[in-house]
Amino acid sequence: RELAHIERQRAMAETTFGGSISPFSNGDAFKLACAMAERIADSSLLPEDYRGKPENVLIAMDYASRLPNISPIMLIQNMDVVKGRPALRGTFLAGLINHSPLFSRLKYEFRGTDNPGGKPSPDYGCRAYAVERETGEIIYGTWIDWRMVEAEGWSANKKWTSMRDQMFEYRAAAFWSRANASDI
């Protein structure tokens, strides 16, 4: 009986990756992760892309196991499924950057002319930037401007009218992090 207990502890230890379950590390880990995903998928607190979909939860669990100190539930709350691909929200990406010891907190710079309640100038937009702590270099992101918003069809989302600056900042943070800190 004690040998069985030790064997089970060994099997459980092998299913972890940096303290989180790595669903694909071995058969035992996969079975355990599938059982967990089934239970988690039953929660009414999950976004629609995950509720009742243990296969999506399982993929999110694997993704979370590769990020330091990120729980699967936190990741699920911040990862949307866009055309069958996982997309991390700008707020979440900004949080990862702001928590990283490699960069200063993200800052935002605006240009152009806004027209609250109406259409801004085509060049109205925002970019994110941060300082690389090791070198002191300011790293600028891509300008996200109204021209891009319309070209990509993002303006169909009413939030681009009601909370335009916030939407620019979220998008700028996502672009900055993907280009400059995708390893974080």
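Note that the structure is a prediction, hence the values are computed from the model and not measured.

Caption draft 1: Main features of the overall build of the protein. Per the secondary structure count, the protein includes eight helices and eight strands. Going through the 184 residues of the protein one by one, you find that 34% of them count as buried. Counting only contacts in the protein whose residues sit at least 6 apart along the sequence, the fraction spanning at least 24 positions is 45%. As displayed, the protein offers around 11,300 Å² of accessible surface, 53% of which is attributable to carbon and sulfur atoms.

Caption draft 2: Summary view of the packing of helix H2 (residues 27-41) against helix H3 (residues 54-65). Where H2 meets H3, the closest approach of the two axes is 8 Å, and the angle between their N-to-C directions is 120 degrees. Overall, the two elements H2 and H3 adopt an arrangement that is oblique. Remark: the crossing between H2 and H3 carries right-handed chirality. Residues Phe30, Ala33, Cys34, Met36, Ala37, Glu38, Ile40 and Ala41 of H2 form the contact with H3, whose participating residues are Pro54, Val57, Leu58 and Met61. For the contact of H2 with H3, the per-class residue count stands at eleven nonpolar, no polar and one charged.

Caption draft 3: Inspection of the environment of Phe92 at higher detail. Summarising the element assignment, Phe92 is placed in helix H5 (residues 90-99). Relative accessible area serves as the criterion here: at 8%, Phe92 is assigned to the buried category. Residues Phe92 and Gln77, spaced 15 residues apart in sequence, show a C-alpha to C-alpha distance of 9.4 Å. Phe92 has contacts with Leu67, Ile70, Met74, Leu75 and Asn78, leaving out every residue within four places of it along the chain.

Caption draft 4: Focus on the pattern of salt bridges. Counted according to the given criterion, the structure contains seven salt bridges. Across the pair Asp114 and Arg164 runs a salt bridge whose closest N-O atoms are separated by 3.3 Å. Of this pair, Asp114 sits in the loop between strand S5 (107-111) and strand S6 (125-131) while Arg164 is found in helix H8 (residues 164-180), placing the two residues 50 residues apart along the sequence. Here the salt bridges share partners, and the residues they tie into one network are Arg111, Asp145 and Arg147.

Caption draft 5: Local environment of the pairing of S6. Where burial is concerned, most of S6 is hidden: five out of the seven residues are buried. As paired strands, S5 and S6 are joined by five bridges and run antiparallel to one another. Within S6, the residue paired with Arg111 across the bridge is Gly125. The pairing of S6 with strand S7 (residues 138-140) spans three bridges and is antiparallel. Residue pairing for S7: Tyr129 is matched across the bridge by Tyr140. Counted between consecutive antiparallel strands, the loop separating S6 from S7 contains six residues, among which Gly136 sits at a positive phi close to 80 degrees.

Caption draft 6: Looking closely at the layout of surface pockets. Within this model, the largest pocket holds a volume of roughly 960 Å³. Taken together, 31 residues line the largest pocket, and the ones lying closest to its centre are Ala87, Leu88, Arg89, Gly90 and Arg178. Secondary structure elements with two or more residues in the lining of the largest pocket: strand S3 (79-82), strand S4 (85-88), H5, helix H7 (159-162) and H8. In terms of residue count, the dominant contributor to the lining of the largest pocket is H8 (seven residues). Class assignment of the residues belonging to the lining of the largest pocket gives a composition of 18 nonpolar, five polar and eight charged. Empty space within the second largest pocket amounts to approximately 250 Å³. Taken together, Leu67, Pro68, Asn69, Ile70, Met74, Thr91, Phe92, Gly95, Leu96, His99, Ser100 and Ile184 form the lining of the second largest pocket. Broken down by element, the residue count for the lining of the second largest pocket peaks at five residues, all from H5. Looking at side-chain class alone, the lining of the second largest pocket contains seven nonpolar, five polar and no charged residues.

What counts and what doesn't
Residues numbered from 1 in each chain as written. Predicted model: local features only at pLDDT ≥ 70, side-chain atom pairs only at ≥ 80, totals over all residues. Heavy atoms only, no water. Helix = DSSP H or I, 4+ residues; strand = E, 2+ residues; numbered from the N terminus. Buried < 20%, exposed > 50% of the residue type's maximum accessible area, 1.4 Å probe, protein only. Contact = heavy atoms within 4.5 Å. Areas by Shrake-Rupley, 256 points an atom, 1.4 Å probe, with all protein chains shown as cover. Axes fitted to C-alpha atoms, helices over the stretch in contact; angles between N-to-C directions. Parallel < 35°, antiparallel > 145°, perpendicular 65-115°, else oblique. Left-handed = near helix turned anticlockwise from the far one by under 90°. Nonpolar A, V, L, I, M, F, W, Y, C, P; charged D, E, K, R; others polar. Salt bridge = Lys/Arg side-chain N within 4 Å of Asp/Glu carboxyl O. Pairing = 2+ DSSP bridges. 1 Å grid on protein atoms, 1.4 Å probe; cavity = no way out; pocket = protein on both sides within 12 Å on 5 of 7 lines; lining within 4 Å. Points joined across faces, edges and corners; volume = space filled by probe spheres on them.

Interpretation note: all reported values are geometric properties and have no functional meaning in isolation.
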